[in-house]
Amino acid sequence: MGAYSTTSLRSAAEADEAQVPASVRRGESNPPVRAVSTVLLRVSAWLFFVGGIIGAVLGIAGLHVEITVVGLILACTAGLVLLKLRADTRKSGESD
């Protein structure tokens, strides 16, 4: 009885292919355009992240707790911003 209640793989694949727009099937889709502000935000977040890591390493090397803590806070915050940007980019790419 279970064999009659499911669709065949061929008909399911044909149904999925029918839902894809014709322009995408022909390979005419446009790549997403990034705004200048997004690129600048991403570059600055990477600079803060690397600067925080370098600051933490220098603080550890010099045995300065305050510098280490500030560097780690900076690196963690910049890392969270980078993860948020990555999630937003993937989300906007799926909705197009």
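Each remark here, short or long, concerns the structure printed above.
We now turn to the structure provided with this report. (Residues numbered from 1 in each chain as written. Predicted model: local features only at pLDDT ≥ 70, side-chain atom pairs only at ≥ 80, totals over all residues. Heavy atoms only, no water.)

1. Notes on the overall build of the protein
Counted only if it meets this: Only runs of H or I of at least four residues qualify as helices and only runs of E of at least two qualify as strands under DSSP, and these elements are numbered from the N terminus. Between buried and exposed lies partly exposed: a residue is buried under 20% and exposed over 50% of the maximum accessible area for its type, with that area taken using a 1.4 Å probe on protein chains only. By definition in these notes, contact holds between two residues if any of their heavy atoms fall within 4.5 Å. Under the convention used here, a 1.4 Å probe and the Shrake-Rupley method define accessible areas, while residue burial counts only the protein chains that appear.
When helices and strands are counted, the protein shows 4 helices and 0 strands. When the helices and strands of the protein are placed in sequence order, the string is α-α-α-α. When each of the 96 residues of the protein is scored for burial, the buried share is 12%. The contacts in the protein between residues at least 6 apart in sequence include a share of 45% that link residues at least 24 apart. With an accessible surface of roughly 8000 Å², the protein has 68% of that area assigned to carbon and sulfur atoms.

2. Overview of the pattern of salt bridges
We count it as follows: Any Lys or Arg side-chain nitrogen found within 4 Å of a carboxyl oxygen on Asp or Glu counts as a salt bridge.
Applying the stated rule across the entire model yields 1 salt bridge. In this structure, the salt-bridge partner of K84 is D88, at a minimum N-O distance of 3.1 Å. Of this pair, K84 and D88 both sit in helix α4 (residues 65-95), separated by 4 residues, roughly a single helical turn.

3. A few points about unusual backbone geometry
Of note, L63 is a non-glycine position whose phi angle comes to about 55°, a positive value. Of note, L63 is situated in the loop between α3 (36-61) and α4.

4. So, the environment of A75
Structurally, A75 can be placed in helix α4. With 24 residues separating them in the primary sequence, A75 and G51 have C-alpha atoms 7.3 Å apart. If near-sequence neighbours (up to four positions away) are discounted, A75 is found in contact with F49, G52 and I53.

5. A closer look at a nonpolar patch on the surface
Threshold: Each patch is built from residues that are more than 30% exposed by relative accessible area and take part in no salt bridge. Like charges join if they lie within 9 Å; nonpolar side chains (Val, Leu, Ile, Met, Phe, Trp, Tyr) join within 5 Å.
Taken together, the side chains of W46, V50, I54 and L58 present a nonpolar region at the surface, about 410 Å² in accessible area. Within the secondary structure, W46 sits in helix α3. Judged by its relative accessible area of 46%, W46 is partly exposed.

6. Topic: the packing of aromatic side chains
Which entries qualify depends on this criterion: For Phe, Tyr and Trp, where Trp contributes only its six-membered ring, two rings pair if their centres lie within 6.5 Å, and the inter-plane angle classes them as stacked under 30 degrees, edge-to-face over 60, or tilted in between.
Summed over all chains, the structure comprises 1 aromatic pair. Where W46 meets F49, the ring centres are 5.8 Å apart and the plane angle is 90°; that geometry is what we call edge-to-face. One end of the pair is W46 and the other is F49, both in helix α3 and 3 residues apart, which spans about a single turn. Residue F49 is classed as partly exposed on the basis of its relative accessible area, which comes to 27%.

7. As for the side chain of T68
Let me state the cut-off plainly: Polar contacts, as counted here, are pairs of nitrogen or oxygen atoms within 3.5 Å of one another; within protein the pair requires one atom able to donate a hydrogen and one able to accept it, and residues that are adjacent in sequence qualify only if both atoms are side-chain atoms.
Along the chain, the position of T68 falls in helix α4. We classify T68 as buried; its relative accessible area is 13%. Of the polar contacts made by the side chain of T68, one reaches the backbone oxygen of G59; its length is 3.4 Å. If sequence neighbours within four positions are ignored, T68 has contacts with A56, G59 and I60.

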